[in-house]
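Structure at a glance
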Amino acid sequence: MGTDERDFFASAEKDLMAGIDTSVPHSARIWNYWLGGKDNFQVDQEAGDAYTAVFPGIVELARISREFLGRAVRHLTAEEGVRQFLDVGTGLPTEENTHQVAQRIAPDSRIVYVDNDPLVLVHARALLSGHPEGATHYVEADLHEPENIIHLARRHLDFERPIALMLMGIMGHVTDDDEAISIVRRLVAELPSGSYLVLEDGTDTDAAFLEAQKGYDDTGAVPYRLRSPAQIARFFEGLEPLEPGVVSLPLWRPDPSPQGPPAEAHAYGGIARKP
Amino acid sequence: MPDDPAAMIHSLVGEFARLRASAGQPSLAVIERRSERLEAAGTATYGVRVTRLPRSTVHDLLHRDHTRPPRTELAESLWAVLCDLAAEKGRPPRPDGLNLLRLRLDAINAAWQSRPLATKSAPDGVGTAFGKAPGIADGAACDGDEDAQRRWLLESASRNTENAWWHVGRHLVPEWLGPYLTLERQARLVRSYAPRFIPGLLQTEAYARAAFRRDRPAASTPELDGLVHLRMRRQEPLWQPNGLRLWAIIDEGVLRDPICGDEAMHRQIDHLCRVTVLPPVTIQVMPKDAHGHDSADGPLSLLRFREPRLPDVAFVEQRDYGLYPTRSNDVGHYRALLGRLAIEALSPEDSERLLRGLRG
């Protein structure tokens with residue numbers, strides 16, 4: 001293929017794929033790849049493979065974080081009586097999404113999914129249709145604009161009743177520590193008393209994980225910051241953590257297993273209640 | 001029948017004829033002169049570095065009943081020259097055009113390579129429109145890489161037609177469509193773009209009959225009955241518990257084209273209104289003023305299977321043949337295209353409102 005031809009294809013592709021950049025890896029699509037999904041492109045598979053070559057544990061970590069999401073939503077719905085969920089950074093649909101877990105226990109659960117990626121949003125709208133008794137809504141908003149997220153969520157959720165705010169594996173997108181803390185504070189501030197913050201993220205506790213992340217950041221994709229367990233715990237300051245606190249994800253209320261207690265993983269998180 | 005390379009070449013010649021018509025029916029001499037100019041310019045035209053096309057070559061490409069596949073560089077050059085001429089008439093090529101042409105030429109060459117040498121009959125029903133799979137002998141290939149798995153899927157779908165649900169109506173099913181009908185039934189999710197007709201999975205009987213009549217004007221009444229019956233049977237998995245899921249993008253123009261008459265069309269739209277709120281169906285309407293129409297060169301479907309290890313299969317439907325790209329990159333291209341169309345189309349909620357408005 002000659003240079004002109006490549007240029008033609010590059011520009012045609014770019015024009016054709018407005019809204020989907022298939023030339024740069026995208027985190028939601030790579031997670032989809034790691035979780036065994038097919039809504040990703042070659043560039044994501046290559047970036048995902050490059051990542052696992054350096055840190056093979058990421059595939060297991062992707063599964064562990066989805067399992068934490070399942071346990072957290074189950075607990076909030078069944079034990080704490082939460083019926084409203086604000087899930088920021090939805091990602092591409094997988095098998096067990098927030099509304100499926102919640103509405104299986106409480107069909108009247110209302111879920112607002114928030115994402116800023118158009119491809120994620122069309123998939124969510126088309127494929128995450130919820131239980132008719134409850135409601136599932138999709139909102140396009142950016143994590144960097146928490147006031148806008150709240151403004152749009154108010155259309156679908158009752159801010160007089162408890163809401164579970166879910167920030168699952170997305171705070172690393174905000175690389176500035178102070179800004180990240182500020183965003184979480186501003187979101188939580190708008191929630192009524194008795195609401196919950198569910199948050200988890202990868203940690204800087206493994207050299208290979210850090211190296212793989214650095215390689216990924218160098219591809220031109222939106223960089224992602226891995227924080228220490230202590231920094232992740234800071235997101236919960238001022239709130240009342242549910243047992244066992246902010247811990248390595250597999251240790252957060254693990255399901256009983258004949259293999260005994262699970263091993264720790266390089267991701268921390270927990271649930272805390274707003275007093 | 002795409003198994004027959006001659007028929008595929010014939011179909012390609014027809015495509016060139018349509019393109020020539022949209023370029024204002026330029027004479028052979030005009031085409032030759034333009035090819036000289038583009039060759040001399042030395043740059044790519046719509047992605048093709050044009051080779052000079054002597055009149056006799058153009059004549060052969062456009063008229064002769066080929067028995068051999070055209071040379072790739074000549075076919076691509078002719079395509080580019082005709083596009084260049086058509087662009088002057090205000091009809092630029094679709095961005096997808098060259099990609100489709102190449103898939104088509106690949107398919108013709110594959111069919112040619114695997115044609116039966118001594119007999120004219122097709123070898124054991126293998127739809128070579130998607131190419132032969134060297135070294136892919138049996139189900140063991142299912143553990144191979146994604147492209148090999150996809151070829152294996154397509155090959156087995158085209159081989160085992162006796163057990164296919166549509167076997168009873170096999171005389172009505174073109175060979176290029178059989179594998180799709182078989183695989184669709186095994187799918188968990190169908191994503192489709194429908195720029196010509198309401199998607200087959202959502203058609204009412206009256207609409208289906210009218211659509212078949214338009215595509216097959218020579219079909220007899222018993223044939224139409226059979227086709228409509230098959231189409232209704234094809235819809236069954238959509239309404240089974242834990243059955244098929246459909247995510248369809250339909251051009252607004254299709255909804256406003258009452259091919260079956262106003263009254264039956266009203267019932268068709270009413271049917272869409274009722275099914276779009278049901279869990280297995282998502283409809284997005286592509287509004288008339290969106291640009292999305294230009295990016296797809298006809299109906300397009302993507303199948304996702306229950307078994308997570310199986311790769312997605314894409315089906316690119318043209319007037320009288322279908323393509324099943326096997327390379328992951330090509331399938332990825334169509335997956336991205338469907339994503340882009342979905343982004344550009346109205347949301348499911350707005351689409352439902354539009355449908356209700358049309359129903360009145």
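Quick notes on the rules
- Residues numbered from 1 in each chain as written.
- Chains lettered and ligands numbered in written order.
- Predicted model: local features only at pLDDT ≥ 70, side-chain atom pairs only at ≥ 80, totals over all residues.
- Heavy atoms only, no water.
- Helix = DSSP H or I, 4+ residues; strand = E, 2+ residues; numbered from the N terminus.
- Buried < 20%, exposed > 50% of the residue type's maximum accessible area, 1.4 Å probe, protein only.
- Contact = heavy atoms within 4.5 Å.
- Areas by Shrake-Rupley, 256 points an atom, 1.4 Å probe, with all protein chains shown as cover.
- Salt bridge = Lys/Arg side-chain N within 4 Å of Asp/Glu carboxyl O.
- Phe/Tyr/Trp six-rings, centres within 6.5 Å; stacked < 30°, edge-to-face > 60°.

1. Comments concerning the overall build of chain B
When helices and strands are tallied, chain B shows 13 helices and 6 strands. Scored against the burial criterion, the 360 residues of chain B give a buried share of 56%. Intrachain contacts of chain B at a sequence separation of at least 6 include 74% that bridge at least 24 residues. Carbon and sulfur atoms make up 50% of the accessible area of chain B, which totals about 15600 Å².

2. Quick notes on the pattern of salt bridges
As enumerated under the stated definition, the model contains 44 salt bridges over all chains in all. The shortest N-O distance in the salt bridge between R29(A) and D44(A) comes to 2.7 Å. Linking R29(A) in helix α2 (residues 27–34) with D44(A) in helix α3 (residues 42–54), this pair joins segments that are 15 residues apart in sequence. We classify D44(A) as buried; its relative accessible area is 0%. With a shortest N-O distance of 3.4 Å, E155(B) and R159(B) are connected by a salt bridge. Here E155(B) and its partner R159(B) are both found in helix α6 (residues 146–159), 4 residues apart, which amounts to about one turn of the helix. Look at E155(B) and you get buried, because its relative accessible area is 6%. Overlapping salt bridges, with partners in common, bring together D39(A), R191(B), R304(B), D312(B) and R335(B) in one network.

3. What to know about the packing of aromatic side chains
Tallied over the entire structure, the rule returns 10 aromatic pairs over all chains. Ring centres of W34(A) and Y51(A) lie 4.9 Å apart, and the angle between their planes is 70°; this geometry places the pair in the edge-to-face category. Taken together, the residues span a long stretch of sequence, with W34(A) in helix α2 and Y51(A) in helix α3 at a distance of 17 residues. You can call W34(A) buried: its relative accessible area is 10%. An angle of 20° between the planes, with centres 4.7 Å apart, marks the rings of Y180(B) and F315(B) as stacked. Highlighted residues: Y180(B) in helix α7 (residues 178–186) and F315(B) in strand β5 (residues 313–317), separated in sequence by 135 residues. Note on accessibility: Y180(B) and F315(B) belong to one class, buried. Taken together, W31(A), W34(A), Y51(A), F55(A), F209(A) and Y216(A) form an aromatic cluster joined through their ring pairs.

Distances and angles like these do not, on their own, reveal function.
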